Protein chains: 2
Amino acid sequence: MKPKDEGKIAEIYAATLTLVKEQGLSGITMSMIARKAGFATGTVYIYFANKEELIVKLFDKCIDDYTQHYFTGYDPSAPFKVAFHTIWMNMLRHSIERFDELVFIEQCFHSPFISDETRKATKDRMLPWRELIERGKKEKLIKQFDYSWIMLFVRGGMRDLVKHCTYNQLKITNEFKEAMFEMCWDGIKD
Amino acid sequence: MKPKDEGKIAEIYAATLTLVKEQGLSGITMSMIARKAGFATGTVYIYFANKEELIVKLFDKCIDDYTQHYFTGYDPSAPFKVAFHTIWMNMLRHSIERFDELVFIEQCFHSPFISDETRKATKDRMLPWRELIERGKKEKLIKQFDYSWIMLFVRGGMRDLVKHCTYNQLKITNEFKEAMFEMCWDGIKD
DNA sequence: CTTTTAACTGAATAATTATTCATTTATCTT
DNA sequence: AAGATAAATGAATAATTATTCAGTTAAAAG
């Protein structure tokens with residue numbers, strides 16, 4: 001018996017992400033994905049029951065991926081600004097290194113594939129980040145705005161900056177990153 | 001002879017925007033658009049040669065729309081912060097009132113419908129905004145960062161905040177708007 | 001080395017969606 | 001009021017895309 005090559009799942013995911021980044025969710029077909037990944041259309045159906053399952057599973061994987069990255073090296077007992085900086089930089093690094101996942105998630109949010117429940121569940125994964133923000137407010141280090149505002153303000157600006165740099169092939173240096181951080185920080189600090 | 005009802009174009013556009021907001025670009029069909037707009041599928045083809053033409057024309061219209069809104073009431077001779085505030089508030093108002101256009105443009109950018117040239121041409125429309133930012137830098141009122149950074153930082157955060165409020169049906173009060181402005185301003189000011 | 005099993009293939013089929021077109025309807029012209 | 005013309009309709013057709021499946025190949029077991 002020939003065993004399933006689980007590595008193929010990763011190849012299918014990679015092909016899908018690349019295509020979605022290039023063409024958008026509306027521009028991809030199952031045969032395009034198979035061709036890009038380097039095998040026959042039917043093979044994709046060995047690993048996924050249908051297109052929807054592929055999209056949903058990849059979406060879940062992307063969400064897992066970022067929640068994992070965001071909090072690596074995060075020490076909740078560190079001073080607020082240090083902890084904030086750690087997570088902020090994790091977010092930025094993830095956005096840069098997994099740019100195609102970023103785009104994919106964004107496209108999925110406005111698609112028939114992702115349900116409202118899934119959308120909401122996604123937010124709950126950011127709990128440690130939320131707790132950190134609340135702490136910053138309590139310590140009067142940042143503005144007394146709703147957690148969501150802070151979160152969206154920070155992430156929104158970051159996402160558009162990364163998009164711009166990626167599309168224009170601008171290298172994101174460390175100085176660049178720190179400057180970006182400074183803008184965010186100055187925006188939210190009390 | 002029965003004349004073309006040019007009002008139908010607006011209805012087709014409105015139906016398309018609503019559907020894209022709800023389902024994403026990948027989730028819409030010509031018959032869905034026609035049904036939503038309230039007439040037969042074939043009618044859409046009297047006003048647009050095909051789906052692509054519809055999408056591209058609507059995209060152009062949306063771009064026109066926002067460049068028009070952004071600079072209404074803008075007085076280049078006003079003090080920098082006043083002028084900046086005017087445009088910023090115009091952007092915010094436009095994002096709120098034309099939320100579906102915002103989503104549509106975003107979706108189009110990652111789709112096979114919009115060409116790279118169109119993507120680039122879109123940016124050129126923001127010239128007055130660019131000039132204002134450069135002036136702010138010259139007057140040492142804002143940080144000496146590249147124009148694009150400032151622009152993207154400001155718009156990215158705003159967009160995600162408006163998305164959040166829209167999806168969660170939060171009313172955006174004037175205090176809310178000014179608070180949001182404050183975050184942006186503090187982020188970029190020197 | 002043979003058998004067995006399941007992956008893999010890609011052409012065939014099914015399902016969906018875009019587009020057309022014969023027919024009907026509404027408006028304008030005379 | 002009748003004729004002319006083009007819009008409007010929606011079922012029919014064409015095109016595209018998802019999904020299946022009969023045949024082929026490759027790995028594992030004995």
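Definitions and limits used
- Along every chain, residues carry numbers that run from 1 in the direction the sequence is written.
- As a convention, the first chain written is A and the first ligand written is 1, with the rest following in written order.
- Only residues with pLDDT of at least 70 are given local features in this predicted model, and only at 80 or more are side-chain atom pairs given and counted; all residues enter the totals for whole chains, interfaces and linings.
- Excluding hydrogens and water, the side-chain values take into account all heavy atoms of the structure.
- Helix and strand assignments come from DSSP, with helices taken as H or I runs of at least 4 residues and strands as E runs of at least 2, each series counted from the N terminus.
- Accessible area is worked out with a 1.4 Å probe on protein chains only. A residue is then buried under 20% of its type maximum, exposed over 50%, and partly exposed in between.
- Any two residues having at least one pair of non-hydrogen atoms within 4.5 Å are treated as being in contact.
- Calculation of accessible area relied on Shrake-Rupley with a 1.4 Å probe; when residues are assessed, cover is drawn exclusively from the protein chains displayed.
- For the domains described, the bounds stem from an automatic or database domain assignment.
- Values labelled buried area give the accessible surface lost by two parts on being combined, using a 1.4 Å probe and summing over both.
- Here, a salt bridge means any Lys or Arg side-chain nitrogen found within 4 Å of an Asp or Glu carboxyl oxygen.
- Here a helix's expected span is defined as the number of its residues, less one, multiplied by 1.5 Å.
- Any N or O atom pair separated by 3.5 Å or less is treated as a polar contact, with the protein-specific requirement of one donor-capable and one acceptor-capable atom, and with residues adjacent in sequence counted only for side-chain atom pairs.
- Whether a residue is near a molecule or strand depends on its heavy atoms: if one lies within 4 Å, it is near.
- Following the grouping adopted for this structure description, the nonpolar residues are Ala, Val, Leu, Ile, Met, Phe, Trp, Tyr, Cys and Pro, the charged ones are Asp, Glu, Lys and Arg, and the polar ones are all others, Gly among them.
- Least-squares superposition of the copies uses the C-alpha atoms of those residues scoring a pLDDT of at least 70 in each of them.
- To form a nonpolar core, buried Ala, Val, Leu, Ile, Met, Phe, Trp, Tyr and Cys residues must be joined to one another through side-chain atoms within 4.5 Å.

**Topic: the overall build of chain A**
Inference 1: When its secondary structure is counted, chain A shows 10 helices and zero strands.
Inference 2: Starting at the N terminus and ending at the C terminus, chain A contains elements arranged as α-α-α-α-α-α-α-α-α-α.
Inference 3: Dimensions along the principal axes, computed over C-alpha positions, put chain A at roughly 60 × 35 × 30 Å.
Inference 4: The 190 residues of chain A split such that 52% are buried.
Inference 5: Across chain A, the fraction of contacts at a sequence separation of at least 24, relative to all contacts at a separation of at least 6, is 70%.
Inference 6: Accessible surface computed for chain A: about 8,900 Å², of which carbon and sulfur atoms make up 53%.

**Quick word on the domain arrangement of chain A**
All names here are of chain A.
Inference 1: Under the domain assignment, chain A is made up of domain 1 (1-48) and domain 2 (51-188).
Inference 2: Distance from the C-alpha centre of domain 1 to the C-alpha centre of domain 2: 27 Å.
Inference 3: Every contact between the two is made by 14 residues of domain 1 and, on the other side, 18 residues of domain 2.
Inference 4: Between domain 1 and domain 2, roughly 1,400 Å² of surface is buried when both sides are summed, and carbon and sulfur atoms account for 80% of that area.
Inference 5: Of all residues in domain 1, Tyr 13, Leu 17 and Leu 25 bury the most surface against domain 2, accounting for 45% of the area lost on that side.
Inference 6: Run the count over domain 1 and domain 2 and you get zero salt bridges.

**Some words on helix α4 (residues 51-70) of chain A**
Residues and elements named next belong to chain A.
Inference 1: The terminal C-alpha atoms of α4 lie 29 Å apart, and with 20 residues this matches the ideal 28 Å at 1.5 Å per residue to within 8%.
Inference 2: Among the residues of α4, those classed as buried are Leu 54, Ile 55, Leu 58, Phe 59, Cys 62, Ile 63, Asp 65, Tyr 66, Thr 67 and Tyr 70.
Inference 3: N-cap assignment for α4: the residue whose side-chain oxygen lies 3.2 Å from the backbone N of Glu 52 is Asn 50.

**Some points on the protein's contact with DNA strand D**
Inference 1: In the vicinity of DNA strand D there are 23 residues, among which Met 30 and Lys 51 of chain A together with Lys 8, Thr 43 and Tyr 47 of chain B approach most closely.
Inference 2: Here the atoms of DNA strand D within 4 Å of the protein split so that 71% fall in sugar or phosphate, with bases taking the remainder.
Inference 3: Interatomic distance of 2.7 Å between a side-chain N/O atom of Lys 51 of chain A and a phosphate oxygen of DNA strand D.
Inference 4: Measuring from a phosphate oxygen of DNA strand D, one finds a side-chain N or O atom of Tyr 47 of chain B at 2.6 Å.
Inference 5: Every element with two or more residues in the surface near DNA strand D is listed here: α3 (41-47) of chain A together with α3 (41-47) of chain B.
Inference 6: Broken down by element, the residue count for the surface near DNA strand D peaks at four residues, all from α3 of chain B.
Inference 7: Residue composition of the surface near DNA strand D, by class: 11 nonpolar, six polar and six charged.

**Quick notes on the interface of chain A and chain B**
Inference 1: Facing 38 residues of chain A, the contacting portion of chain B comprises 38 residues.
Inference 2: For the pair chain A and chain B, the summed buried surface comes to about 3,400 Å²; carbon and sulfur atoms form 65% of the total.
Inference 3: Of all residues in chain A, His 110, Trp 149 and Met 183 of chain A give up the largest surface area on contact with chain B, accounting jointly for 24% of the area buried on that side.
Inference 4: The interface formed by chain A and chain B includes four salt bridges.
Inference 5: For Lys 143 of chain A, the salt bridge goes to Asp 186 of chain B, with nearest N and O atoms at 2.7 Å.
Inference 6: Seen at the junction of chain A and chain B, the total is 10 residue pairs in polar contact (both at pLDDT 80 or more).
Inference 7: Listed by contribution, the elements that provide at least two residues to the side of chain A that touches chain B are α1 (7-23), α6 (99-109), α9 (147-167) and α10 (174-188) of chain A.

**As for the relation of the copies chain A and chain B**
Inference 1: After a rotation of 180 degrees and a shift along the axis of 0.0 Å, chain A superposes on chain B with an RMSD of 0.0 Å. When the rotation and shift are considered jointly, the pair of chain copies conforms to a two-fold rotation axis.
Inference 2: Here 100% of the interface residues in chain A have copies in chain B that are interface residues too; the copies meet face to matching face.

**Brief notes about the nonpolar core**
Inference 1: One finds Phe 84 and Trp 129 of chain A together with Phe 84 and Trp 129 of chain B to be the most contacted residues of the largest nonpolar core, which totals 136 residues.
Inference 2: In contact with Phe 84 of chain A, other than residues within four places in its own chain, are Trp 129, Leu 132, Ile 133, Val 154, Phe 181, Trp 185 and Ile 188 of chain A.

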